Amino acid sequence: MSQNLIYLDNNATTKVDEKVVEAMLPYFSEEYGNPSSIYDLAHTANTAVRHSRETMKEFLGAKDAKEIIFTSCGSESANTAIKGVLELNRAKKHIITTKIEHPCVLNLYKDLENKSYRADYIGVDSNGDLDVQELLSKVDKDTALVSVMYANNETGAIFPVKEIAQKVKEINPETKVYVDAVQAAGKIPINVKETEIDFLGISAHKFHGPKGIGALYVKSGTMMAPLIIGGHQERGKRAGTENVPYIVGMAEAAKLAMEHLSDELTEVKRLRDMLEEGILSKIKNARLNSTAKNRVPNTTNIGFLYIEGELILLHLNDAGICASSGSACTSGSLEPSHVLRAMGVPFTALHGSIRFSLSRYTTENEVIQVIQELPHIIEKLAKISPFQKELGEILNNKC
Ligand code: PLP
């Protein structure tokens, strides 16, 4: 891999912090005991898991470490909470979510619809902000669950999850609330204490921890059926021998994220704004896709009118820059992002939308390089675009 790689796809995954790797290493071949065994070797592993749980409690602002259960990823956290609630409450058949959730929630809801559930999908406005009033208007006495993300992975828009949870409970105290906080963790402070949120899921690989480990906050006293049935681990809420090295790694990543949180809110945001302003001022056919009231500090999503997003990504890749498009390439057809479609992003920008997501490793020099490189790429692609007339003069400043 090139030394000069500029990695601006941190919402897809992040580089594992070296301190995280260091913290994990002893738990592979030195402290390899099963935390459930009784000898000293196991005791070390057990203590490491206990300390990690305490750290995760602090990271999520929970009241009690017992409210944290370890899972394998954000998708498992969502599936555990959603299926776990519905399994125990089979009489209620109404579920609510948003149109812009991650597939781990959306596809699960589609599956539940096939199993006789009635689902409402709440829309967003053109800025990417959620229609909270519409969501609340759908809650009724049959509503078993509301699942709403904390921050959107494509636009970075932050939703008022605490307020939503509180108001949902005012309408129906029995409705459970799951918050997918995968894109919020490490970027903004999370504090579930004193909220009405019942479940909240995160994933370590989005905040410089390893892939394949996540956590689920389950509010004290909240009943749920386990997704994975087996041993007594995780207080019966998730069977399977604890993945000690990865649990330790996630806790170390959480500790570092807490230490760096103020940098996210200042330095990462400054660089994101610089990138955004640089691109918008230099490229005439660029439009900011989301101007949501609140956005996580590292994300921007920009549409390039009349240009194909996949081509932009390929050219960025050639220049050593990693970003991602709002569209997923499925079986040869380019399907525009469900998030941007829900926002009503015009067709002319839908296929040419790029998400840039920064991290605490992003440097000012890297941002400057992207701002210099991108206008050349867009200019080149504009020349081969079938929309010559519409494109016209695309650059403010010829470089
Ligand atoms: N939720 C959101 C908002 C995400 O962005 C992602 C991953 O991209 C997930 C859930 C799934 O997390 P994981 O890849 O750990 O299963």
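Residues numbered from 1 in each chain as written. Predicted model: local features only at pLDDT ≥ 70, side-chain atom pairs only at ≥ 80, totals over all residues. Heavy atoms only, no water.

### Details of empty space enclosed by the protein
Let me state the cut-off plainly: In this analysis the probe radius is 1.4 Å and the grid spacing 1 Å, with only protein atoms considered; a cavity is a set of points the probe fits into but cannot get out of, a pocket is an open set with protein on both sides within 12 Å along at least five of seven lines, and lining residues have an atom within 4 Å of a point. Grid points are joined across faces, edges and corners, and a volume is the space filled by probe spheres set on the points. Gly is placed with the polar residues, together with every amino acid not listed as nonpolar (Ala, Val, Leu, Ile, Met, Phe, Trp, Tyr, Cys and Pro) or charged (Asp, Glu, Lys and Arg).
Taken as a whole, this structure holds 1 cavity of 30 Å³ or more when the rule is applied. Quantified by volume, the largest cavity comes out at close to 110 Å³. Taken together, 15 residues line the largest cavity, and the ones lying closest to its centre are Gly 186, Lys 206, Phe 207, His 208 and Glu 264. When grouped by side-chain class, the residues that make up the lining of the largest cavity number 4 nonpolar, 7 polar and 4 charged.

### Focus: unusual backbone geometry
What counts is decided by this rule: Under the scheme used here, helices are H or I runs from DSSP no shorter than 4 residues and strands are E runs no shorter than 2 residues, and both carry numbers assigned from the N terminus.
Residue Ser 116 is not a glycine yet carries a positive backbone phi of 75 degrees. With respect to the helices and strands, Ser 116 occurs in the loop between helix H5 (103–114) and strand S4 (118–122). Here the phi dihedral of Glu 194 falls at roughly 60 degrees; this positive angle occurs in a residue that is not glycine. Structurally, Glu 194 is set in the loop between strand S6 (176–180) and strand S7 (199–203).

### Notes on the site of the ligand
Heads up, the rule is: One heavy atom suffices: a residue is near a molecule or strand as soon as one of its heavy atoms comes within 4 Å of it. Polar contact is defined as a pair of N or O atoms within 3.5 Å, subject to the rule that within protein one atom must be able to donate a hydrogen and the other to accept it, and that residues adjacent in sequence are counted only when both atoms are side-chain atoms. Only the protein chains shown count as cover for residues, and all accessible areas are computed by the Shrake-Rupley method using a 1.4 Å probe.
The local shell around the ligand holds 13 residues, among which Ser 75, Asp 180, Gln 183, Ser 203 and Lys 206 are the closest. Within the backbone of Gly 74, a nitrogen or oxygen atom sits 2.9 Å from an oxygen atom of the ligand. Take Ser 203: an N or O atom from its side chain is 2.6 Å from an oxygen atom of the ligand. Considered on its own, the ligand offers 390 Å² of accessible surface; in the complex 88% of this is hidden by protein. Its residues placed into classes, the shell around the ligand shows 4 nonpolar, 7 polar and 2 charged.

### A short note on the pattern of salt bridges
Where charged atoms from two side chains of opposite charge approach closely, those side chains can pair. The line we're drawing: The salt bridge definition used is simple: a Lys or Arg side-chain nitrogen within 4 Å of an Asp or Glu carboxyl oxygen. For the exposure calls, accessible area comes from a 1.4 Å probe over protein chains only, and a residue counts as buried if that area is under 20% of its type's maximum, exposed if over 50%, partly exposed in between.
Summed over the entire model, instances satisfying the criterion amount to 19 salt bridges. Two residues, Arg 238 and Glu 76, come together in a salt bridge whose shortest N-O distance is 2.7 Å. Remark: Glu 76 occurs in helix H4 (residues 74–88) and Arg 238 occurs in the loop between strand S8 (214–218) and helix H8 (244–282); sequence separation between them is 162 residues. As far as the burial class goes, Arg 238 and Glu 76 line up, both buried. Among the charged side chains, a network of salt bridges with common partners joins Arg 118, Asp 140 and Asp 142.

### Looking at the sheet that holds strand S12 (residues 324–325)
This is how the line gets drawn: Pairing between two strands requires that DSSP report at least two bridges joining them. We call two residues in contact whenever any of their non-hydrogen atoms come within 4.5 Å of each other. Axes, fitted as lines to C-alpha atoms, cover a helix only where it is in contact. Angles between the N-to-C directions of the axes lie from 0 to 180 degrees.
As summarised here, the arrangement of the 4 strands in space is S9-S10-S15-S12, forming an open sheet in which the pairing is antiparallel. A strand with exactly one partner marks an edge of an open sheet, and here the two such strands are strand S9 (286–288) and S12. In terms of strand pairing, S12 meets strand S15 (residues 353–357) through 2 bridges, oriented antiparallel. Looking across to S15, one finds that Ser 324 is bridged to Arg 355. Relative to the sheet, H8 contacts S9, strand S10 (299–304) and S15, its axis offset from that of S10 by approximately 10 degrees. In the packing of helix H9 (residues 309–318) onto the sheet, contacts are made with S10, S12 and S15, and the angle to S15 comes to roughly 45 degrees.

### Let's talk about the packing of H9 against helix H12 (residues 364–384)
Selection criterion: Working rule for angles: under 35 degrees goes down as roughly parallel, over 145 as roughly antiparallel, 65 to 115 as roughly perpendicular, anything else as oblique. Crossing handedness follows the turn of the near helix against the far one: under a right angle anticlockwise gives a left-handed crossing, and clockwise gives a right-handed one.
One can describe the packing of H9 onto H12 by two numbers: an axis separation of 10 Å at closest approach and a directional angle of 135 degrees. For the element pair H9 / H12, the angle class is oblique. In the packing of H9 onto H12, the handedness of the crossing is right-handed. On H12, the residues touching Leu 311, Ile 312, His 315 and Leu 316 of H9 are Leu 374, Ile 377, Ile 378, Lys 380 and Leu 381. Taken together, the residues that form the contact of H9 with H12 break down as 7 nonpolar, 1 polar and 1 charged.

### Considering the packing of aromatic side chains
Each aromatic ring pair is characterised by the separation of its centres together with the angle its planes make. Short version of the rule: Aromatic rings from Phe, Tyr and Trp, taking only the six-membered ring of Trp, are treated as a pair when their centres fall within 6.5 Å; an angle between ring planes under 30 degrees marks them as stacked, one over 60 as edge-to-face, and anything in between as tilted. In our convention, an over-ring charge means Lys NZ or Arg CZ found within 6 Å of a ring centre and within 35 degrees of that ring's normal.
One pass over the full model with this rule turns up 4 aromatic pairs. For the ring pair Phe 28 and Tyr 246, a centre distance of 6.2 Å and an interplane angle of 85 degrees mean the geometry is edge-to-face. Of this pair, Phe 28 sits in helix H2 (residues 26–29) while Tyr 246 sits in helix H8, placing them 218 residues apart in sequence. Taking the centre distance of 6.3 Å and the plane angle of 65 degrees together, the rings of Tyr 109 and Tyr 121 count as edge-to-face. Here the residue Tyr 109 occupies a position in helix H5, and Tyr 121 occupies one in strand S4, the gap between them amounting to 12 residues. The two residues Tyr 109 and Tyr 121 agree in class, both being buried. Above the plane of the ring of Tyr 361 lies Lys 15, whose end atom (NZ or CZ) is 4.6 Å from the centre. For the cation-ring pair, Lys 93 lies above Tyr 117, with the distance from its terminal atom to the ring centre recorded as 4.4 Å.

This is a description of form; function is not addressed.
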